Amino acid sequence: MKPPPTAQGVPLSGLPSSLPERDVTGETLLHLLLAKRPPTPAMVLASLCLSPLMPWGAQIGRNLAEAVVNGHFRGGVLDALPDHRTLWDVIRQPASSLPQLRLLMDQICIRLSVGESLRMRLQPLQPILVGDQSVSRRVKRDRIRGVKRGHCV
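Residues numbered from 1 in each chain as written. Predicted model: local features only at pLDDT ≥ 70, side-chain atom pairs only at ≥ 80, totals over all residues. Heavy atoms only, no water.

Participant: Describe the side chain of threonine 25, naming the residues involved and giving the relevant values.
Facilitator: Mapped onto the secondary structure, threonine 25 falls in helix 2 (residues 24-35). Residue classification places threonine 25 among the buried residues on the basis of a relative accessible area of 15%. Residues in contact with threonine 25, not counting those within four places in the same chain, are Leu53, Ser117, Leu118 and Arg121. (Helix = DSSP H or I, 4+ residues; strand = E, 2+ residues; numbered from the N terminus. Buried < 20%, exposed > 50% of the residue type's maximum accessible area, 1.4 Å probe, protein only. Contact = heavy atoms within 4.5 Å.)

This is the structure we're talking about:
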């Protein structure tokens, strides 16, 4: 026999029976885009180091993240892995323009096994990434309206 709360469909823990799945691709894409805008927060880079989508192993990722949090951004942990080191250098490189951002994101996608998935997630952002002024104005206008109404955007 089930305990009365469980029999009524209320879990004793108060948590839902199935937790939402984590969007690792979306998180990684967000962190990659945040890494392109200087100054890049160390926690953004550390999160990328630990992402399961990165090509290096878990221990290398932990070592790299620890180095980043301690202020060492050059990626010395990756010196023995030239392909991974190149990827790290591209991840760390800031974008000063939309064309440079597109180029850097393309270089990252080429070097990741999930690159096509990241490209698909970037598709809805293409009007912004190509500098479509009407989209940029609309996004800015919506942000301003949200702030005026007291919403966080």
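Next, the rest of the story.
Participant: Run through the environment of leucine 103, naming residues and quoting values.
Facilitator: Here leucine 103 is to be found in helix 6 (residues 98-111). By relative accessible area, leucine 103 is classed as partly exposed at 47%. Once the C-alpha coordinates of leucine 103 and valine 90 are considered, the two residues, 13 residues apart in sequence, prove to be 10.0 Å apart.

Participant: Explain helix 4 (residues 58-69) to me, using residue names and the numbers behind them.
Facilitator: If you check helix 4, its first and last C-alpha atoms are 16 Å apart, about what twelve residues at 1.5 Å a residue would give, namely 16 Å. Residues of helix 4 that are buried: Gly61, Leu64, Ala65, Ala67 and Val68. The arc that holds the buried residues of helix 4, viewed along the axis, is 160 degrees, so those residues lie on one side. Against helix 3 (42-50) and helix 5 (82-92) lie the buried residues of helix 4. Glycine 71 sits one or two residues past helix 4 and shows a positive phi near 95 degrees. (Expected span 1.5 Å × (residues − 1). Arc of directions from axis to C-beta.)

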